[in-house]
Amino acid sequence: MSPLRRFLRTPEAIAGAIILVALFAMALTAPLFFPGDPQAIAGPALLPPFQDWSLPLGTDRLGRDVLAALLHGARTSLAVGLAAAAAALAVGAIVGTLAGFAGGLVDEVLMRITDAFQTVPSFLLALAFVSVVGPSLGVVVAAIALGAWTGPARVARAEVLSIRERDFVAGARVIGMHPLEIALREVLPNALPPLLALSSVIVAAAILTEAALSFLGLGDPNRVTWGGMIAEGRAVLRTAPFLSVIPGVALVLTVLGVYLAGEGVVETAAVRRSLS
Amino acid sequence: MTRALLLLRRRLVGSVFVLLIVVIGTFLLLEAAPGDAVDAYIASTGGDAGMIELLRHRWGLDQSALTRLATYLWALLHLDLGQSVTFSRPIRDVILERLPNTLLLMGSATALSFGLGSALGIYAGARPGGFRDRLLSIGSLALYAVPGFWLGLVLIIVFAVDLRWFPIGGIESIASAKTGLDRAADIARHLVLPVSALGFIYLALYLRMMRAGMAEVWRQDFVLAARAKGLSRRRIVLGHVARNALLPLVTMLGLQSAQMLGGSVVIESVFSVPGLGRLAQEAVAARDTPLLLGIILVSAVLVIVINLLVDIAYAFLDPRVGASEAGA
């Protein structure tokens, strides 16, 4: 059975895959269907959904098209979520590998720093970082990664502790490879599988953190975000709750899709490992 | 008892290092912030260049970074977090005033998520792979995907705007002059929605952990032995399987406290609860960086204390913990 077929065996994984494919389609086609500025005024203000078919999801307080904002928001959510998770995994993998491979004082110092980052609530840290440096897409990505790399670092370290005793590491030492080269080129790639199992949780958490940051007004002001849309809708919560509900449902579906697909991938990998 | 004390001592030493790193980190962020305390002060009160020079000198801001770090550490040792420009009061006092509300919110939400989460986890884990198990697994995953602030807004739409069962926000009715039990009931009524919003998000975590732990324990020999003894299924589930799967959840309680504090920032601003989280948002809005970093420091201390308490509780619950240290 091909890995793809094996992946698509459980209904959960299929549901996750469908959601993610739809989401990527939304994100990629947003500039095609809505080439203009999604923040431009498109019609009367506070038009409810399903009334006017040129504006299927209605308009917000300023008369901006909700559907256009939703599609453009998908781009921000996915871009920030994936970039922040990638950064967190990369930093975590490198810190964890160095700590586990070097041992001794290096390990002690790096792990105390990891402890410190885990002691500070990661959302508060992100909030402080964005507010000090100023909100932009790159800063938001860095702020989220800042609070998310500790988990991967611990997993990588635990994995490296067992890998470094293997024969091929001793072999690399014998042929005179530099320890840093052994750590990053020989040990690190072998410590990656458990990290990848963690990645869906990290992507999901990153998307949720981005949404919360932009809900509090700390997102990139030049981009449409789902969190920002929910915050906008909050002002008219009594009269037009759909403005907060629609982007929220999109968020829940996105995060759920990431979780479900992630569990499917982990199960596929587990089956493959037990087969080989 | 000595076992727990030894463990406590080792953890305390480690915590001091961790806290030192946090302090240096917040100091670096403070340095990176555009403008300093004098700029903020002058911006709110007005003053000329001579005044700025004088204040910089008096507050030690014209010294080198290392000297300022030393001054900062020295002040922290005296529990002095500096002055908040926005509130024109010592940061420590502002934080201490808000802390009880956050602790109340966090404590209640933790009790809700831990209690209900582990109970549902036992319900799901009683028959791994069964119908109830699958249903609860999917349900908890969906719940886990919900952003806390959005859940809060939905709860407001349904229970405060439409049904009018609970107040829309705040911690107690303004100028109600209620005292004693009346006041407690009033606060409880205000806390129902925020506690639900915060608690339900983390409920899924405990549910899934309990369920996974039980699935693991079911495979162990002593469960087989209990079955062979002819114990009732109920006694096996509660007395043997659930009991052994519960311990890791206690550890999670400590690890989750930092996340819970972060989550309360958004929940508090959705429900206008005057706590630490809302204070953090106010500090961001007013660009009051020293106040924000003071909140981070206090949160770090809070997380460390909670983890210490959880470790001590764990040592009492599990006789294996720290046994080797006591023997040495």
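Residues numbered from 1 in each chain as written. Chains lettered and ligands numbered in written order. Predicted model: local features only at pLDDT ≥ 70, side-chain atom pairs only at ≥ 80, totals over all residues.

## Here we look at the overall build of chain B
Formally: Secondary structure counts use DSSP, requiring at least four H or I residues in a row for a helix and at least two E residues in a row for a strand, with both numbered from the N terminus. Remark: C-beta atoms are placed from the backbone, and a residue is labelled buried if 20 or more other C-beta atoms sit within 10 Å of its own, exposed if 12 or fewer do, or partly exposed between those counts. Any residue pair is listed as a contact if its two C-beta atoms, each placed from the backbone, are within 7 Å.
Within chain B one finds 14 helices and two strands. Across its three principal directions, the C-alpha atoms of chain B cover 85 × 65 × 35 Å. Put simply, chain B has 328 residues, and 37% of those count as buried. Taking as baseline every contact in chain B between residues at least 6 positions apart, the subset at least 24 positions apart corresponds to 73%.

## A few points about the overall build of chain A
Along the backbone of chain A there are 12 helices and zero strands. Along the chain direction, N to C, the helices and strands of chain A fall in the order α-α-α-α-α-α-α-α-α-α-α-α. Overall size of chain A, expressed as C-alpha extent along the three principal axes, is 75 × 50 × 30 Å. Here chain A holds 276 residues, and 49% of them are scored as buried. A sequence separation of at least 24 residues applies to 69% of the contacts in chain A between residues at least 6 apart.

## Focus on helix α6 (residues 137-148) of chain A
Residues and elements named next belong to chain A. Defined as follows: Expected helix span is computed as 1.5 Å times (number of residues minus one).
If you check α6, its first and last C-alpha atoms are 17 Å apart, about what 12 residues at 1.5 Å a residue would give, namely 16 Å. Taken residue by residue, α6 has Val140, Val141, Ala143, Ile144, Ala145, Leu146, Gly147 and Ala148 as its buried positions. Close packing links the buried residues of α6 with α3 (66-102), α5 (122-133), α7 (150-163) and α10 (192-215).

## Comments concerning the interface of chain A and chain B
Defined as follows: Lys, Arg, Asp and Glu make up the charged group, whereas Ala, Val, Leu, Ile, Met, Phe, Trp, Tyr, Cys and Pro make up the nonpolar group; the residues left over, Gly among them, are polar.
Taken together, the contact between chain A and chain B spans 33 residues of the former and 40 residues of the latter. Tallying contributions element by element places α5(A) first for the side of chain A that touches chain B, with eight residues. Within the side of chain A that touches chain B, the residues separate by chemical class into 23 nonpolar, six polar and four charged.

## Some remarks on the packing of helix α5 (residues 91-125) of chain B against helix α12 (residues 276-285) of chain B
Residues and elements named next belong to chain B. Test applied: To obtain each axis, a line is fitted to C-alpha atoms, and for helices this fit is confined to the stretch in contact; angles are then taken between N-to-C directions over 0 to 180 degrees. Should an angle fall under 35 degrees it is taken as roughly parallel, and over 145 as roughly antiparallel, whereas 65 to 115 is taken as roughly perpendicular and any remaining angle as oblique.
Here α5 crosses α12 at 135°, and the two axes come no closer than 7 Å. With respect to α12, the axis of α5 lies oblique. Here Val94, Ile95, Arg98, Leu99 and Thr102 of α5 come into contact with α12, specifically with Leu276, Gly277 and Leu279.

## Let's talk about unusual backbone geometry
All names here are of chain B. One non-glycine residue, Leu79, lies in the positive phi region at around 60°. Counting through the fold element by element, Leu79 comes out in the loop between α4 (65-77) and β1 (83-84). Even without glycine at this site, Ser272 takes up a positive phi of about 50°. Positionally, Ser272 belongs in the loop between α11 (247-270) and α12.

## Brief notes about the packing of α5(B) against helix α13 (residues 289-317) of chain B
Residue and element names in this part refer to chain B. Put simply, the test is: Crossings are sorted by hand: turned counterclockwise from the far helix by less than a right angle, the near helix makes the crossing left-handed, and turned clockwise it makes it right-handed.
Two numbers describe how α5 lies on α13: the axes approach to 10 Å, and their chain directions differ by 55°. By the angle class used here, α5 and α13 are oblique. The interaxial crossing formed by α5 with α13 has right-handed handedness. On α13, the residues that touch Ile91, Val94 and Ile95 of α5 are Pro290, Leu291, Gly294, Ile295 and Val298.

## A word on the UniProt feature "transmembrane region" (unreviewed entry) in chain A
All names here are of chain A. The condition is simple: UniProt positions are given in the numbering used here, feature names are shortened, and annotations may be inferred rather than shown by experiment.
Under the UniProt annotation, "transmembrane region" (unreviewed entry) lies at residues 78-102, 123-149, 195-219 and 240-262. Secondary structure over residues 195-219 splits into 84% helix and 0% strand, and the C-alpha atoms at its two ends are 28 Å apart. Each end of residues 240-262 is marked by a C-alpha atom, and these two atoms are 35 Å apart; helix forms 91% of the span and strand 0%.

## Focus on the environment of Val255(A)
Tracing the backbone through its elements, the reader meets Val255(A) in helix α12 (residues 242-275). You can call Val255(A) buried: it has 27 C-beta atoms within 10 Å. For Val255(A) and Ile207(A), which are 48 residues apart along the polypeptide, the C-alpha to C-alpha distance reads 7.3 Å. The contact partners of Val255(A), leaving out residues within four places of it in the chain, are Ala204(A), Ile207(A), Leu208(A) and Ala145(B).

## Focus: α7(A)
Residue and element names in this part refer to chain A. Compared with an ideal rise of 1.5 Å per residue, which puts 14 residues at 20 Å, α7 spans 20 Å between its outermost C-alpha atoms and is within 8% of the ideal. If you check which residues of α7 are buried, you get Thr150, Gly151, Pro152, Ala153, Arg154, Ala156, Arg157, Glu159 and Val160. Buried residues in α7 make contact with α3, α4 (104-119), α6, α9 (179-190) and α10.

## Some points on the UniProt feature "transmembrane region" (unreviewed entry) in chain B
All names here are of chain B. Taking the UniProt record as the reference, the feature "transmembrane region" (unreviewed entry) is found at residues 12-30, 103-123, 135-161, 187-207 and 291-317. Its end C-alpha atoms 29 Å apart, residues 103-123 is made of 100% helix and 0% strand. Split by type, residues 291-317 is 100% helix and 0% strand. Its first and last C-alpha atoms lie 39 Å apart.

## Topic: the confidence of the model for chain A
Inclusion rule: In predicted models, pLDDT denotes the confidence assigned by the predictor to each residue on a 0 to 100 scale.
When pLDDT is averaged across chain A, the result is 86; 97% of the residues are at 70 or more. Taking the mean pLDDT of every element in chain A, the minimum, 72, falls on helix α1 (residues 3-7) of chain A and the maximum, 93, on α6(A).

## With respect to the UniProt feature "domain: ABC transmembrane type-1" (unreviewed entry) in chain A
Look at the UniProt record and you will see "domain: ABC transmembrane type-1" (unreviewed entry) annotated at residues 74-262 of chain A. Along residues 74-262 of chain A one finds 83% helix and 0% strand; the C-alpha atoms at either end are 19 Å apart.

## Comments concerning the environment of Gly147(A)
All names here are of chain A. Position of Gly147 relative to the elements: it lies in helix α6. When the C-alpha positions of Gly147 and Gly257 are compared, they lie 23 Å apart, and in sequence the two are 110 residues distant. Ignoring any residue separated from it by four or fewer positions in sequence, one finds Gly147 in contact with Ser122, Phe123, Leu125 and Ala126.

## Describing the confidence of the model for chain B
With 93% of its residues at a pLDDT of 70 or more, chain B has an overall mean of 82. For chain B, the element scoring lowest by mean pLDDT is helix α14 (residues 323-327) of chain B, at 48; α5(B) scores highest, at 89.

## Here we look at the environment of Ala235(A)
Within the secondary structure, Ala235(A) sits in the loop between α11 (226-234) and α12. Distance in space between the C-alpha atoms of Ala235(A) and Leu98(A) is 49 Å, their sequence separation being 137 residues.

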